[in-house]
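As a plain string of letters, each chain reads:
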Amino acid sequence: MGLISGMVMGILFGIALMAGWKRMMHRRSDKRVSKAADVKQVSALNRDDLKKICGDNLPEWISFPVFEQVKWLNKHLNKLWPFLADAAEAVIRDSVEPTLEEYRPPGISSLKFSTLSLGTVAPKIEGIRVQSLKEGQITMDIDFRWGGDPDIVLAVEAARIASIPIQLKDLQVFTVIRAIFQLSDEIPCISAVVVALMAEPKPRIDYTLKAVGGSLTALPGVSDMIDDTVNSIITDTLQWPHRIVVPLGGTDVDTSDLELKPVGKATVTIVKANELKNMELLGKSDPYVSVHIRPLFKVKTKVVDNNLNPIWNETFDLIAECKETQSIIFEVFDEDIGEDKRLGVAKLPLVELESRRYKQMELKLLPSLDMLKIKDKKDRGSLSIEVTYHEFSKEEQLKALEEEKRMIEERHKLKDEGVLDSTMDAVDETASGVGAAVGAGAGHVGGGFAAVGNSLQKAGKFMGRTIAAHTGGGNKKSSGSTTPINSIQENGGAKPRPT
């Protein structure tokens, strides 16, 4: 009996063991299938999906294995940083200070470094991707991160205000740097290096500003002013297709092939705007449009007084350097006493335009191009435009280069003569005409009268609205003419400003 019971128990134990083993293997198989399905779903995610899940702190090599980790390079960078920082500080002083002067905003008479130290924390390179290998060149994209401890103090001077030191703290830089190495047969085997910040992903530079021994309220809007200046410098000088070309070695090198060149021209007609947001307490806004591809070459329409549905019908030619990455930026402003208020902004990527193809478009105006930081998402109206794009031949490229140089020289003249507060100001036909007078020798006086006339015009409009509001005579404008305001404004005609 004991033998039989032992055999039965052994058989039952064996069956249970086999059933358990089979169940365990079946569960392992299910887990593997589930993991494989999850991996397949993750592999199907594109760059934008991963950015939404992980945010901006996702290293490029995680989502794109073509970015190789370079831990060994970061170790050497930490050791070399004290020497690299000293060299970089000298380069920054020599190159960035003139750029700050070039892009100095209106109302600021001087913008310089009083203290500049890059600190002891070295940058970190998250990954490097070899983008292309072609004869004579190597192109690399470098995922660059820096949360440093620099000691940077800007000396900001404005009219009738003593210099206020503004300290830049908590600096963080997240960007992808494109480096193009021009190869050579002679040591050091690299004749020149091209450096630029990639437009996508957009460079992110975070910092806070603090007044040393004072308050930023002593200079109203100084934080926004510095932010705008930094963004303009990055967009117009460092962000691809703009680049810095650095010759290396002891021999002279021809870097003309590496430098930025015009590739085409966008001809834009600003037709009209519809249902603009009113920014005035009394009367209506006085809108005009500033348009540019590069911030350094802004142009603008005439001002249409007291109208939320203005008509301009003005045409401008804008030079482009890279159709794939650049865009036309339209900004609608309300001319006002002091600082003009922005009514809306729109962007048109050049890649959406076909060469020699006429296009009519209705662009929706937004409060900002970065809508994530905007709480007020109300409708700002729309802008009607007409646009064509023309690709340059080699001969046209050379002419466009000369035209860019002439425009920059003209802007410097206008700034020196007081017509423009900054080379970044948008230029209209009135300013260009004054610039021609500058060359004849009467620039200082002409620029001064233009500035005074412009201020008196703004003050006159403000006073006219105030009187009209109190007297009920809002259908006419108080001016030297008896022409009814409706004859100009309801038809949308752009009224030029007096010079």
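Since we're looking at a predicted model, the values are computed, not measured. (Residues numbered from 1 in each chain as written. Predicted model: local features only at pLDDT ≥ 70, side-chain atom pairs only at ≥ 80, totals over all residues. Heavy atoms only, no water.)

1. A short note on the overall build of the protein chain
Along the backbone of the protein chain there are 8 helices and 16 strands. For the protein chain, the computed accessible surface area is about 29100 Å², with 58% contributed by carbon and sulfur atoms. (Helix = DSSP H or I, 4+ residues; strand = E, 2+ residues; numbered from the N terminus. Areas by Shrake-Rupley, 256 points an atom, 1.4 Å probe, with all protein chains shown as cover.)

2. Some thoughts on the pairing of strand β6 (residues 190-197)
Counting buried positions along β6 gives 6 out of 8 residues, so the element sits mostly inside the fold. Note: β6 against strand β8 (residues 244-247), 4 bridges, orientation antiparallel. By the bridge assignment, Val194 is partnered in β8 with Val245. (Buried < 20%, exposed > 50% of the residue type's maximum accessible area, 1.4 Å probe, protein only. Pairing = 2+ DSSP bridges.)

3. Focus on the packing of aromatic side chains
Tallied over the full model, the rule gives 2 aromatic pairs. Considering the side-chain rings of Tyr288 and Phe333, the 5.7 Å spacing of their centres and the 25° angle between planes classify their relative orientation as stacked. Of the two residues, Tyr288 is situated in strand β10 (residues 287-292) and Phe333 in strand β13 (residues 327-334); the sequence distance between them amounts to 45 residues. The same class applies to Tyr288 and to Phe333, which are both buried. Directly above the aromatic system of Trp240 lies the positively charged group of Arg178, at a separation of 5.4 Å from the ring centroid. The ring of Tyr288 has Lys300 lying over it, and the distance from NZ or CZ to the ring centre is 5.1 Å. (Phe/Tyr/Trp six-rings, centres within 6.5 Å; stacked < 30°, edge-to-face > 60°. Lys NZ or Arg CZ within 6 Å of the ring centre and 35° of its normal.)

4. Overview of a nonpolar patch on the surface
Among the surface-exposed residues, Ile4, Val8, Met9, Ile11, Leu12 and Ile15 lie close enough to one another that they form a single nonpolar patch of about 600 Å² accessible area. In this structure, Leu12 sits in helix α1 (residues 2-43). (Patch = residues over 30% accessible without salt bridge, like charges linked within 9 Å, V, L, I, M, F, W, Y side chains within 5 Å. Salt bridge = Lys/Arg side-chain N within 4 Å of Asp/Glu carboxyl O.)

5. Description of helix α4 (residues 71-102)
Compared with an ideal rise of 1.5 Å per residue, which puts 32 residues at 46 Å, α4 spans 39 Å between its outermost C-alpha atoms and falls more than 12% short. In the structure, α4 departs most strongly from a straight axis at Leu80, where the bend amounts to approximately 60° and where the proline Pro82 lies between one and four residues downstream. When we look at burial in α4, the residues that qualify are Asn74, Leu77, Trp81, Ala85, Glu89, Leu100 and Glu102. (Expected span 1.5 Å × (residues − 1). Bend = angle between axes of the 7 residues up to and from the residue.)

6. Some points on the sheet that holds β13
Read from one edge of the open sheet, 4 strands run β11-β10-β13-β14, paired in antiparallel fashion. The open sheet is flanked by β11 (299-300) and β14 (341-349), the only strands paired with a single partner. Relative to β11, β10 runs antiparallel, the two sharing 2 bridges. From the neighbouring strand, Ser290 faces β11, where its bridge partner is Lys300.

7. Brief notes about a positive patch on the surface
Side chains of Arg23, Arg27, Lys31 and Lys35 sit close together on the surface and give a patch of like positive charge. Among the structural elements, Arg27 can be located in helix α1. (Lys, Arg positive; Asp, Glu negative; His and termini not counted. Charge placed at Lys NZ, Arg CZ, Asp CG, Glu CD.)

8. Remarks on the nonpolar core
Grouped together as the largest cluster of nonpolar side chains are 37 residues, with contacts concentrated most on Trp146, Val156, Ile166 and Ile226. Residue assignment for this core shows that the elements contributing at least two residues are α4, β1 (108-117), β2 (124-134), β3 (137-146), β4 (151-158), β5 (161-183), β7 (204-211) and α5 (222-238). Of all the elements, β5 adds the most residues to this core, at 7 residues. Residues within four places of Trp146 in sequence aside, it is in contact with Trp81, Leu118, Val121, Ala122, Pro123, Leu171, Gln172 and Val173. Grouped together as the second largest cluster of nonpolar side chains are 30 residues, Ala273, Leu318, Ala320 and Ala346 included. (Core = buried A, V, L, I, M, F, W, Y, C linked by side-chain atoms within 4.5 Å. Contact = heavy atoms within 4.5 Å.)

9. Things to note about the sheet that holds strand β12 (residues 311-320)
With antiparallel pairing, 4 strands are arranged side by side in an open sheet as β12-β9-β16-β15. Edge strands, defined here as strands with exactly one partner in the open sheet, are β12 and β15 (359-364). Between one strand axis and the next, the sheet turns through 25° on average, direction left out of account. When strand β9 (residues 264-274) meets strand β16 (residues 382-391), the two strands line up antiparallel, connected through 10 bridges. Its bridge partner lying in β16, Gly264 is registered against Glu391. (Axes fitted to C-alpha atoms, helices over the stretch in contact; angles between N-to-C directions.)

10. Some points on unusual backbone geometry
A negative phi holds for most residues other than glycine; trans holds for most peptide bonds. The step from Trp240 to Pro241 runs through a cis peptide bond, and the omega angle for that step is 20°. Tracing the backbone through its elements, the reader meets Pro241 in the loop between α5 and β8. A positive phi angle, near 55°, is found at Asp170, a position not held by glycine. Overall, the relative accessible area of 56% leaves Asp170 in the exposed class. Even without glycine at this site, Arg356 takes up a positive phi of about 60°. On the secondary structure map, Arg356 appears in the loop between β14 and β15.

11. Regarding the pattern of salt bridges
According to the stated counting rule, one finds 11 salt bridges in the structure shown. Put simply, Lys124 and Glu126 hold a salt bridge, and the shortest N to O gap is 3.8 Å. Its salt-bridge partner being Glu321, residue Arg294 comes within 3.5 Å of it at the nearest N-O pair. On the criterion of sequence distance, the pair formed by Arg294 in the loop between β10 and β11 and Glu321 in the loop between β12 and β13 is long-range, its members being 27 residues apart. Linked through salt bridges whose partners overlap, the residues forming this network are Arg129, Asp141 and Arg178.

12. As for the side chain of Ser327
Along the polypeptide, Ser327 turns up in strand β13. Non-local contacts of Ser327, meaning those with residues more than four positions away in its chain, are made with His292, Ile293, Lys347, Leu348, Pro349 and Leu350.

13. What about helix α6 (residues 394-416)?
Over its 23 residues, α6 runs 34 Å from end to end, which matches the ideal 33 Å to within 8%, given 1.5 Å per residue. Taken as a whole, α6 has its buried residues at Ala400, Glu404, Arg411, Leu414 and Lys415.

14. A short note on the confidence of the model for the protein chain
Regions with low pLDDT should not have their predicted coordinates read in detail. Summary statistics for the protein chain give a mean pLDDT of 76 and a share of 75% for residues scoring 70 or more. When the criterion is pLDDT under 50, residues 430-499 qualifies, and its contacts beyond four places in sequence or with other chains add up to 88 contacts. (pLDDT = per-residue confidence, 0-100.)

15. Quick notes on the environment of Trp146
Residue placement: Trp146 occurs in strand β3. A polar contact of 2.9 Å, which involves the side chain of Trp146, links it to the backbone oxygen of Val121. (Polar contact = N/O pair within 3.5 Å; in protein donor to acceptor, adjacent residues only side chain to side chain.)

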